Amino acid sequence: MRHIVGVIRTQRERWIEEGLQALAAGGPDAVRVEALAKKLGVTKGGFYGYFADRDALLKAMLDAWERESIDEVIDHIEREGGDPRTKIQRAGVLTFSGDRLLPIDLAIRDWARRDEAVAEHLRRVDNRRMALLREMIGTFCSDPDEVEARSMLAFCLAIGRHFLAAEHADRTRAQILARAADLLFNGPHKDHSH
């Protein structure tokens, strides 16, 4: 899958994209100029026409990830339209279900544990994601504490489900995720049997 909105046009963007793929596959230590040059079929020297050093590439990668995982996702869901619940679920699918953004996101979360500059990028992105959740959930839930709790639970579900190894007896993971989303975005079903 390509970028949600953008298409890679320049050689500089190709370096950034290869860097993001290397990051997703092996963490920041896998982002090596020589290895990226080989994958791109260019000389290592060409790198310095686009970036002052490896740190400049890493910063450009984080900026590109931030743009794609927030700005482009928001643009996409606004263009597609729909009610707030649909928009939330579409944003979650675009960000945490695909084979593109999810591995990059998880690699950045791991990297952020060891690098404060990366942690700052992640905080900014996560704060914008939470703001979007609050805004959408706030359209059908009026209690600010409940809006915050539902937003946090929805966000934790989107990320945490990729780490959960538990089975669900006679139900599939997809069935449980659908029910969890129903609880978060619609509320509990009323039991009238009592």
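(A) Inspection of helix α7 (residues 144-160) at higher detail. Between the first and last C-alpha of α7 there are 24 Å, a value that for 17 residues agrees with the 24 Å anticipated at 1.5 Å per step. The set of residues buried in α7 consists of Val147, Arg150, Ser151, Ala154, Phe155, Ala158 and Ile159. Summarising the axial view, the buried residues of α7 lie within an arc of 160°, below the 170-degree limit, and thus occupy one face. Of the residues in α7, the exposed ones pointing more than 90 degrees away from the buried face are Asp145, Met152 and Leu153. Contacts from the buried residues of α7 go to α4 (84-96), α5 (101-112), α6 (116-137) and α8 (173-186). Capping the start of α7 is the job of one residue whose side-chain oxygen sits 2.9 Å from the backbone nitrogen of aspartate 145: aspartate 143.

(B) Summary view of the state of the cysteines. Enumeration according to the criterion identifies zero disulfides in this entry. The structure places no disulfide on cysteine 141, whose sulfur is separated from the nearest cysteine sulfur, that of cysteine 156, by 17 Å.

(C) Seen up close, the side chain of arginine 129. Following the sequence through the fold, arginine 129 ends up in helix α6. Residue arginine 129 is classed as buried on the basis of its relative accessible area, which comes to 8%. Those residues within four positions of arginine 129 in sequence are excluded, and the remaining contacts are Trp65, Ser69, Ile70, Thr95, Phe96, Asp105, Arg109 and Phe155.

(D) Quick peek at the packing of helix α3 (residues 54-80) against α4. Following both chains from N to C, one finds α3 and α4 inclined at 140°, their axes separated by 10 Å at the closest point. Of the possible angle classes, the one that applies to α3 and α4 is oblique. Of the two possible hands of crossing, α3 and α4 adopt the one that is right-handed. Of the residues in α4, those in contact with Ser69, Val73, His76, Ile77, Glu78 and Glu80 of α3 are Lys87, Arg90, Ala91, Leu94 and Thr95. Taken together, the residues of the contact of α3 with α4 break down into four nonpolar, three polar and four charged.

Cut-offs applied
Residues numbered from 1 in each chain as written. Predicted model: local features only at pLDDT ≥ 70, side-chain atom pairs only at ≥ 80, totals over all residues. Heavy atoms only, no water. Helix = DSSP H or I, 4+ residues; strand = E, 2+ residues; numbered from the N terminus. Expected span 1.5 Å × (residues − 1). Buried < 20%, exposed > 50% of the residue type's maximum accessible area, 1.4 Å probe, protein only. Arc of directions from axis to C-beta. Contact = heavy atoms within 4.5 Å. Polar contact = N/O pair within 3.5 Å; in protein donor to acceptor, adjacent residues only side chain to side chain. Disulfide = S-S within 2.5 Å. Axes fitted to C-alpha atoms, helices over the stretch in contact; angles between N-to-C directions. Parallel < 35°, antiparallel > 145°, perpendicular 65-115°, else oblique. Left-handed = near helix turned anticlockwise from the far one by under 90°. Nonpolar A, V, L, I, M, F, W, Y, C, P; charged D, E, K, R; others polar.

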